[in-house]
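The residues making up each chain are set out below.
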Amino acid sequence: MSLLVVGLSHRSAPVSVLERASLAADTQAKLLQDTLAAEPATEAAVLATCNRIELYADVDKFHAGVAELSTLLAQHSGVGLDELTPYLYVHYEDRAVHHLFSVACGLDSMVVGEGQILGQIKDALARGQDLHTAGRLLNDLFQQALRVGKRAHSETGIDRAGQSLVTFGLQQLAAGADPGLWARGKRALVIGAGSMSSLAAATLARTGVAEIAVANRTRARADRLVEILRQGDDTTVRARAVEMSAVGDELTRADIVVSCTGSTGLVLTADALADALGTTLDAPAETPAVTLAAIPAPADVDQHAAWVENGSATSAPQAPAAPRRVTLPVQSTGPVKLALLDLAMPRDIDGAAHRIDGVRLVDIESLADASADAPMAADVDQVRTIVADEVAAFGAAQRAAHVAPTVVALRTMAADVVAGEIARLDGRLPDLDEKQRAEIAQTVRRVVDKLLHAPTVRVKQLASEPGGAGYADALRELFDLDPQTVAAVSRADLNDPNRGRS
């Protein structure tokens, strides 16, 4: 079995495609179940964030796996396969491991070095565990990715290479001013009470806003978030929960609005925002439509498969380059009456809001524009070295683990042989006393252990090296081990309830 990931992200697809392909929580669960039901896959996990959708699987057939995973992503996202395929990337075996570890370290994030991705990886693992779609390989992979991400943040200055999406968004709203000075004393409205909205509310509170109103469809979650904000030791913010029906009234009071819900439609329309400000939408600017540079696209999913299978950095194209983004028309240069930060995917706030006088809108797409030119810290190279080392270590550990059930089966067979010979000796020498029998049994066991020690240690070492997967097969052939016994050891390890839980 081998690790395969098929996905798309802000690096391979325009925001408009990512927005349409976003997966709700129940859709993610159905995608995992359908992936596991597909013939090539035995394990599955999905990592879905505001700027990436990736399906991980343990497959036994590469080409069939690529085709099946791509088809399932298209079916569950609602974007046709022909339209989706040009934006998909494929990673296989070590490259797939390298990709997830890079994601965990924030190297593949829209804002390099952001740490929120670790929580999203943890959620993806928990979902796979709860639905029983993540087995030994994906449990090991995602657990190790979390450790690698934490190591990168603790051992390097990757945090200095970028900020969280929320912090970066507030910097864009401040338009060059110090975000703390810009936000101090302002009134904020946070729409949504999920992880991103909660992070936004906490960041606003630390930044120094005077008041935060939290609106959420489930009032109890808004109340919980408000209570957390009130208990914060590092803020004195006034926090209160409001009903979603009160958002219109709250807009007339707010200076800053942050929205991140799971809604599939707009939460704030341009007309509603204009009404709240007592103004109207400006006529559309006489500017050419924003276009995206063409992305080199493979002819079909099999082309992706061929790229990866060839495995050559020179002959195999990389994932399609992110389209060159064109800055949206310059927004109003007058006083900003309402600053809007839309962190949702699909978007919560009508993009036409930038045509309202006195409104400044920052959304996922404009964040992608701004972050494309963000300076990279020197620590990024150090993180890349960490990722490369961890990928090699993970591969060695997986190869060694592959031979472990065979070694256990060999030692079990040897123990059975010893037990049979001791029983045979008992029948032939019935006059031996218990002390003599015990000494003979211990001597035979020591001889067998010494004979097996060197080859079993050596085979584990050899198996951990690249190309060492065949040593387990050789061991089974040499000692005529029952494949069912080896499989039983593997199943016992996989079904260990403590495995993969942190």
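Each remark here, short or long, concerns the structure printed above.
As the structure is a prediction and not an experimental result, all values here were calculated from the model.

A few words on the pattern of salt bridges. Any two side chains of opposite charge can pair, given that their charged atoms come close. Counted under the stated rule, the structure contains 23 salt bridges. The salt bridge involving Glu54 is made with Arg52; its shortest N-O contact spans 3.0 Å. The two residues Glu54 and Arg52 agree in class, both being buried. Two residues, Asp108 and Arg52, come together in a salt bridge whose shortest N-O distance is 2.8 Å. Here Asp108, found in the loop between helix H5 (94-104) and helix H6 (116-130), pairs with Arg52, found in strand E3 (residues 52-59); they are 56 residues apart in sequence, far enough to count as distant. Overall, the relative accessible area of 12% leaves Asp108 in the buried class. Among the residues examined, Arg52 registers a relative accessible area of 1% and is labelled buried. Three or more residues are tied together by salt bridges with common partners; here these are Glu211, Arg238, Arg240, Glu250 and Arg253.

Bringing helix H8 (residues 165-174) into the picture now. H8 sits mainly inside the fold: seven of its ten residues count as buried. Residues Leu165, Val166, Phe168, Gly169, Leu170, Leu173 and Ala174 constitute the buried set of H8. Downstream of H8 by one or two residues, Ala175 has phi in the positive range, about 50°.

Another aspect to go through is the sheet that holds strand E5 (residues 187-191). Taken in spatial order, the six strands make up an open sheet running E7-E6-E5-E8-E9-E10, and their pairing is parallel. The two strands at the open ends of the sheet, each matched to only one other strand, are strand E7 (238-242) and strand E10 (359-362). The mean angle between the axes of side-by-side strands here comes to 15°, regardless of whether they run parallel or antiparallel. The sheet contact formed by strand E9 (residues 338-342) and E10 spans four bridges and is parallel. Residue Leu340 lies in a different strand from E10, and its bridge partner there is Leu361. Packed on one face of the sheet, helix H11 (residues 219-231) meets strand E6 (211-215) and E7 and runs near 175° to E7.

Conventions used here
- Residues numbered from 1 in each chain as written.
- Predicted model: local features only at pLDDT ≥ 70, side-chain atom pairs only at ≥ 80, totals over all residues.
- Heavy atoms only, no water.
- Salt bridge = Lys/Arg side-chain N within 4 Å of Asp/Glu carboxyl O.
- Buried < 20%, exposed > 50% of the residue type's maximum accessible area, 1.4 Å probe, protein only.
- Helix = DSSP H or I, 4+ residues; strand = E, 2+ residues; numbered from the N terminus.
- Pairing = 2+ DSSP bridges.
- Axes fitted to C-alpha atoms, helices over the stretch in contact; angles between N-to-C directions.
- Contact = heavy atoms within 4.5 Å.

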